[in-house]
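Spelled out, the chains give:
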Amino acid sequence: MFRQLPPVPDHPAIEEEILTWWEERGIFQQLRDRNRGGPVWSFVDGPVTANKTLGVHTAWGRTLKDVFQRYKALCGFDQRYQNGFDCQGLWIEVGVERELGLNSKREIEAYGLAEFARKCREKVAWSAQELIRGSKRLGQWMDWGNDYYTFSDTNISYIWGFLKLAHERGWLYRGHRSTEWCPRCGTSISAHELVGSYEERIDPSLFVRFPLIDRPGQSLTIWTTTPWTLPANVAAAVHPDEEYGLKENGEWVAVKRYPDETYVERRRGAELVGWRYRGPFDHLPAAEGIEHRVIGWDEVTMDEGTGLVHIAPGCGTEDFELSRIHDLPIVMPVDEAGRFYDRFGWLHGISTSESAEQIVADLAERGRLVAAGEYAHRYPFCWRCNTPLIFRIADDWFISVDDVRPRLLAANATVDWTPAYFGKRMDDWLRNMGDWNISRRRYFGLPLPIYPCACGHVTVVGSRAELDELATAGMDQLVELHRPWIDAVEIRCPACGTEGVQRIPEIGDVWLDAGIVPFSTLGWQNPERVEGGYGTGAAEGLTGADLPDHNYWQTWFPAHWVSEMREQIRLWFYSQLFMSVCLVDRAPFRSVLGYEKMLDEHGRPMHGSWGNLIPAEEAFSRMGADVMRWQYCDQPPDRDLFFGYGPAHEIKRKLLTLWNSVGFLVRYSNIESFRPTLDDLAAGPAGVELRALDRWLVARTGKLVVDATAALEEQLTYRLIAAFESFVDDLSNWYIRRSRRRFYAYDAAAFRTLWFALVTGLRVISPVMPFIADHMWRNLVADACAGAPESVFLAGWPEVDEPDERLLDEIAEVRRIVELGREARSTAGVKLRQPLRRVYVRGARLAGTHAQEIAEELRVDEVGFDQGPVAQVRLLPNLRALGPRLGPKVRDVKAALDRGEAEELGDGRVRVAGEELAADEVIRGERVEIAGWGIAHDIALSVAIDTEIDPDLALRGRVYELIHTVNTMRKDAGLELTDRIVLTLPDGEDLLRHEDWIKAETLATRIEPGEALAIAKA
Ligand SMILES: [Zn+2]
Ligand SMILES: [Zn+2]
């Protein structure tokens, strides 16, 4: 006996039950044991920042990771299952600062770096537990407890080794340059961290007068949107080849910008070069000794402003570059926190944003302001604390990339990217990126192991062991490789022997932490395996992860597969690739699955403050993990995911078809005492005579396995979902529908075929919906067949014979004809229950032998092929949708459509000229209408149904109505499927011409005349 199914599944309850059962039975451990020694499939987890609980965003990536690991495990691959946490750097610091109520670097220092480091570690430890809990609830199988933590001394030591190598090759240098700077975090921001950090912002728009010293009464008019940079002005730039004019009011501007003005004098920009002017804040001490003058610059744009550009080399990258060319003085107006230095008089201590209004007022008062307004533009914000960034000149440490660039490009060419354009993006990034700014002026992060000596020698310490050798002080208090402890360590300069050489105070970019993972976690160059050897420093006590040896690295490197969202192209994918190419000159991964953004179900970004953020806990209890996972997997990776309860509801509705099909098998199996045969799972029922429809379902199931395998091998989960949905539809709406009667009396072939198909379906979908799959496996297989594996995950991936494609095509065409026939009825407004006389089909290639089934399904007496009225449809490309996507390929698509060479894929989708077009990418030509006929068609097929209803058809229609009503009454009365009834029928004389038919369909033993329609148990 199978366990009966409730009418609808309670996903969260099923999931909790399965989680407990997995744990009790050690299913995951059994799976790992089973695959140990099998072929290797290496996945390296991109570390999740350990500063939060699990969110639905993170759950998306975790689901994909789990789906592919489960699939590969079902295929027998040995895997590592190591999860990773990103544990240091600004993300962690900012969260801890917030909790402690600290809001500047000064406050952190006053709080104490040791205590601050402890708080950061606590935060990580808390978050790691939360993330593990959430991920387990999601169904993710990982080697929890043996996770890697990027703040372990081992990880840090590996990065030191990398930095030492970069130094030895001459790539590591200290640069003095202008950089994007977060005034709140007090540190520079690297180019790859700016990706996606631009937001719309309104700034002041100022037109300011710079009076010319040698031309009394005349002035230059410049335009700026950053008032705080004006006190640092040293020059004004003009385009040498553009024309400038002196307006009647004495202001010089570019003629092209104000073509309608009257000019009293005109000059080429080159002639203005060298003119001296009075700066906007010459009275402040900071401007002392600065001679302001006009310079020429080819980049001056005539698209906005006045054509005269204010230059402040201390506040902008291009300005800084110009200062080198023109030997301009550099005025740095603000400190690390973005506040004016004391040399700026009344501005001292004011922040860049606070200063705007006061600077405008001051300029106006002094007669320097021409006009002030507002200006909306895209502006970069700090990706961690959302403060608007400024530019500062800073001394940062860089790794130069030019030497490595060609090798990076070559390595990227070996990587298989899905979607393919992510690989192109990586190429673009690699071609255009500047040197890697690796230093941050912060506290809890990778300490850069750089020890510059007064003699000029720079020591880069390559490992923790090397530090032991070189250290002259501070090792006794070094609890872990973090500030403040590391700052107290001093070394001896190997070049001159001087003792007491100190480390630079900077910490490293977090992407160094994550980029080293394919080396640090796999034991690269480590002579001997160290048990628990990864859990060092801050990671001690948090993980039991080993430090493997070099052989292990050789086995598991490079990864077969990594998967993260698109922004990681310039972050983790990049830093890994960079470090790997530097260390071993090859890509650290062979294939990548990337994916786009997650938005809410209406397409808006999710924000806590907008009330549309869905906490993972809430999603688990309201939709269930299986439904979430389905939603994630149903998403093509090249489009944004619209996640929410609406789509979840839709998925639950679809899943009911599967649930009801299993429910059907369970119900009749229990009535008819069906016992499944485990061996049937190998290739379908053997030793029993199968009917054509059974053979079709076996082939259809084989096709599902083939399609699902292909989808997973191509890393396209949405195709797996599509294949599964279409299979369930065929199984329920064709096989069960056409075979019902065979289940009312015991027909072994039908039971065995349906059981085989359903169980195989479960096996195929198990990576996506592990809970429901194991729940049903236990019911249909493990508890029903002696010797069956107890979990679907211990049963391996199904293997099938090559499915009979011709048979599949044949039934696919039959189903398509039936669908079109139903569509034709509904267009003509005739109910499905009403029998009709005839249907004509045109264009059928294979369905000729299935006239009987078509007639039954469409409730017609007669099916004719290639006769009757003709309907035509024309397809045209939707150029507006296709043009941007396909480019010149659109021509081929159009030509193929003109020739009628298109294949309908269902739901309006079409395959043509090798492209798959969505429903909204084709325009369907006018439909043909013919009186008395309902017509429907796709490209290949047309179906015309005779809609005339004569008295005989009308009577039969009423019989069908009656049968339907009575069966509904049976259900409402709670009768068993096998109960017989006595039927009371009013005014039914003509209906009684079909008495036997009515009795058979309603299980009536007798039909009696009476007042009203009624049933009674016989
Ligand atoms: Zn910041
Ligand atoms: Zn020295």
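That block above? That's the structure.
The structure contained in this document is the topic of the report that follows. These numbers come from a predicted model, not from an experiment.

**Quick look at the overall build of the protein chain**
For step 1, the next point in the chain: From N to C terminus, the protein chain includes 31 helices and 41 strands.
For step 2, the next point in the chain: Each principal axis of the C-alpha atoms in the protein chain carries an extent, and together these give about 115 × 80 × 50 Å.
For step 3, the next point in the chain: Burial analysis of the protein chain (1018 residues in total) assigns 57% to the buried set.
For step 4, the next point in the chain: Of the contacts formed within the protein chain by residues at least 6 apart in sequence, a portion of 75% connects residues at least 24 apart.
For step 5, the next point in the chain: Carbon and sulfur atoms make up 48% of the accessible area of the protein chain, which amounts to about 42200 Å² in all.
For step 6, the next point in the chain: Charged side chains of the protein chain number 118 positive and 154 negative; the gap between the two group centres comes to 2 Å.

**A short note on a negative patch on the surface**
For step 1, the next point in the chain: A surface patch of like charges, here negative, comprises Asp801, Glu802, Asp804, Glu805 and Asp809.
For step 2, the next point in the chain: Tracing the sequence through the fold places Asp801 in the loop between helix H25 (770-782) and helix H26 (805-828).
For step 3, the next point in the chain: A relative accessible area of 57% places Asp801 in the exposed class.

**Examining helix H9 (residues 317-326)**
For step 1, the next point in the chain: Inspection of H9 places Asp319, Phe320, Leu322 and Ser323 among the buried residues, and these make up the whole buried set. Buried residues of H9 fall within an arc of 160° about the axis and therefore sit on the same side. Of the residues in H9, the exposed ones pointing more than 90 degrees away from the buried face are Arg324 and Ile325.
For step 2, the next point in the chain: Buried residues belonging to H9 abut strand E4 (172-182), strand E13 (292-296), strand E14 (308-311) and strand E16 (390-399).
For step 3, the next point in the chain: Once H9 ends, the next one or two residues include Asp327, with phi positive near 55°.

**Let's talk about the coordination of the zinc ion (ligand 2)**
For step 1, the next point in the chain: Only Cys453 (SG), Cys455 (SG), Cys493 (SG) and Cys496 (SG) from the protein reach the zinc ion (ligand 2) as donors, at distances of 2.2 to 2.3 Å.
For step 2, the next point in the chain: Here the zinc ion (ligand 2) binds 4 donor atoms, and the angle range of 106 to 115° at the metal identifies the geometry as tetrahedral.
For step 3, the next point in the chain: One chain supplies every donor to the zinc ion (ligand 2), and in sequence these donors are spaced C-x1-C-x37-C-x2-C. A residue pair is termed long-range when its members are at least 10 positions apart, and Cys453 in the loop between strand E20 (450-452) and strand E21 (458-460) and Cys493 in the loop between strand E23 (490-491) and strand E24 (501-502) qualify at 40 residues.

**Re the packing of aromatic side chains**
The geometry of two aromatic rings is summed up by the distance between their centres and the angle between their planes.
For step 1, the next point in the chain: In the structure shown here, the tally under the stated rule is 51 aromatic pairs.
For step 2, the next point in the chain: Taking the centre distance of 5.1 Å and the plane angle of 25° together, the rings of Trp22 and Phe771 count as stacked. Placement of the pair is Trp22 in helix H1 (residues 11-25) and Phe771 in helix H25, with a sequence separation of 749 residues.
For step 3, the next point in the chain: The class for Trp22 is buried, based on a relative accessible area of 5%.
For step 4, the next point in the chain: Phe771 sits in the buried class, given a relative accessible area of 0%.
For step 5, the next point in the chain: One aromatic cluster is present, built from ring pairs that chain together Phe664, Tyr668, Phe674, Phe743, Tyr744, Tyr746 and Phe751.
For step 6, the next point in the chain: For the cation-ring pair, Arg392 lies above Trp181, with the distance from its terminal atom to the ring centre recorded as 4.5 Å.

**Digging into the sheet that holds E16**
For step 1, the next point in the chain: Pairing is antiparallel in the open sheet, where 4 strands are placed in the order E5-E4-E16-E18. Two strands close off the open sheet at either side, each with one partner strand: strand E5 (187-188) and strand E18 (436-437).
For step 2, the next point in the chain: Where E4 and E16 come together, 10 bridges link them in antiparallel fashion. Looking at E16, one finds that Glu180 is bridged to Phe391.

**Quick look at the sheet that holds strand E41 (residues 1014-1017)**
For step 1, the next point in the chain: Ordered in space as E40-E39-E41, the 3 strands form an open sheet in which the pairing is mixed. Each having just a single partner strand, strand E40 (1004-1009) and E41 make up the two edges of the open sheet. Between one strand axis and the next, the sheet turns by 20° as a mean value, whatever way the strands run.
For step 2, the next point in the chain: With 5 bridges connecting them, strand E39 (residues 981-985) and E40 associate as parallel partners. The residue bridging Leu983 from the neighbouring strand is Ile1007, located in E40.
For step 3, the next point in the chain: Each of E39 and E40 is contacted by helix H31 (residues 995-1002), which is oriented at about 125° to E40, the strand it contacts most.

**A word on the coordination of the zinc ion (ligand 1)**
For step 1, the next point in the chain: The coordination sphere of the zinc ion (ligand 1) contains the protein donors Cys182 (SG), Cys185 (SG), Cys382 (SG) and Cys385 (SG), at a distance range of 2.2 to 2.4 Å.
For step 2, the next point in the chain: Around the zinc ion (ligand 1) sit 4 donor atoms, and with donor-metal-donor angles ranging over 104 to 119° the site reads as tetrahedral.
For step 3, the next point in the chain: Each donor residue of the zinc ion (ligand 1) lies on one chain, and together they are spaced C-x2-C-x196-C-x2-C. Of this pair, Cys182 sits in strand E4 while Cys382 sits in the loop between strand E15 (369-380) and E16, and the two are 200 residues apart along the sequence. An identical accessibility class is assigned to Cys182 and Cys382; each is buried.

**Let's talk about the pattern of salt bridges**
Pairing is possible between side chains of opposite charge, provided their charged atoms come close.
For step 1, the next point in the chain: Within this structure, the stated rule accounts for 92 salt bridges.
For step 2, the next point in the chain: Residue Glu903 pairs with Arg911 through a salt bridge whose shortest N-O separation is 3.2 Å.
For step 3, the next point in the chain: The class for Glu903 is partly exposed, based on a relative accessible area of 41%.
For step 4, the next point in the chain: The class of Arg911 is partly exposed, set by a relative accessible area of 36%.
For step 5, the next point in the chain: Among the charged side chains, a salt-bridge network with shared partners connects Lys105, Glu336, Asp396, Arg441 and Glu506.

**Details of unusual backbone geometry**
For step 1, the next point in the chain: Cis geometry is adopted by the peptide bond preceding Pro419, which originates at Thr418 and carries an omega value of -10°.
For step 2, the next point in the chain: Note the cis peptide between Phe557 and Pro558, where omega equals -10°.
For step 3, the next point in the chain: Summarising the element assignment, Pro558 is placed in the loop between helix H16 (550-556) and strand E26 (562-565).
For step 4, the next point in the chain: You will see that Ala913, though not glycine, has its phi angle at about 50°, which is positive.
For step 5, the next point in the chain: The residue Ala913 is located in the loop between strand E34 (909-912) and strand E35 (915-917) in this model.
For step 6, the next point in the chain: According to the relative accessible area criterion, Ala913 is partly exposed, its value standing at 32%.

**Remarks on the packing of helix H11 (residues 405-412) against helix H12 (residues 420-432)**
For step 1, the next point in the chain: Following both chains from N to C, one finds H11 and H12 inclined at 175°, their axes separated by 9 Å at the closest point. Looking at the two axes, H11 sits roughly antiparallel to H12. Every residue of H12 that contacts H11 at Arg405, Leu408, Leu409 and Asn412 is listed here: Gly423, Met426, Asp427, Leu430, Arg431 and Asn432.
For step 2, the next point in the chain: Broken down by class, the residue content of the contact of H11 with H12 amounts to 4 nonpolar, 3 polar and 3 charged.

**Examining the pairing of strand E8 (residues 235-238)**
For step 1, the next point in the chain: Along E8, one buried face is formed by Ala235 and Ala237 and the opposite face, lined by Ala236 and Val238, is buried too.
For step 2, the next point in the chain: Across 4 bridges, E8 lies against E13 in parallel orientation. By the bridge assignment, Val238 is partnered in E13 with Gly296.

**Some words on the side chain of Ser400**
For step 1, the next point in the chain: Inspection of the secondary structure assignment puts Ser400 in the loop between E16 and H11.
For step 2, the next point in the chain: For Ser400, the residues in contact, after removing those within four places along its chain, are Trp171, Tyr173, Asp435 and Phe578.

Calculation notes
- Residues numbered from 1 in each chain as written.
- Chains lettered and ligands numbered in written order.
- Predicted model: local features only at pLDDT ≥ 70, side-chain atom pairs only at ≥ 80, totals over all residues.
- Heavy atoms only, no water.
- Helix = DSSP H or I, 4+ residues; strand = E, 2+ residues; numbered from the N terminus.
- Buried < 20%, exposed > 50% of the residue type's maximum accessible area, 1.4 Å probe, protein only.
- Contact = heavy atoms within 4.5 Å.
- Areas by Shrake-Rupley, 256 points an atom, 1.4 Å probe, with all protein chains shown as cover.
- Lys, Arg positive; Asp, Glu negative; His and termini not counted.
- Charge placed at Lys NZ, Arg CZ, Asp CG, Glu CD.
- Patch = residues over 30% accessible without salt bridge, like charges linked within 9 Å, V, L, I, M, F, W, Y side chains within 5 Å.
- Salt bridge = Lys/Arg side-chain N within 4 Å of Asp/Glu carboxyl O.
- Arc of directions from axis to C-beta.
- Donors = N, O, S within 2.8 Å, 3.2 Å for Na, K, Ca; no water.
- Tetrahedral: all angles 85-135°; square planar, octahedral: opposite > 155°, others 65-115°.
- Phe/Tyr/Trp six-rings, centres within 6.5 Å; stacked < 30°, edge-to-face > 60°.
- Lys NZ or Arg CZ within 6 Å of the ring centre and 35° of its normal.
- Pairing = 2+ DSSP bridges.
- Axes fitted to C-alpha atoms, helices over the stretch in contact; angles between N-to-C directions.
- Parallel < 35°, antiparallel > 145°, perpendicular 65-115°, else oblique.
- Nonpolar A, V, L, I, M, F, W, Y, C, P; charged D, E, K, R; others polar.

Nothing here speaks to function; it is all geometry.
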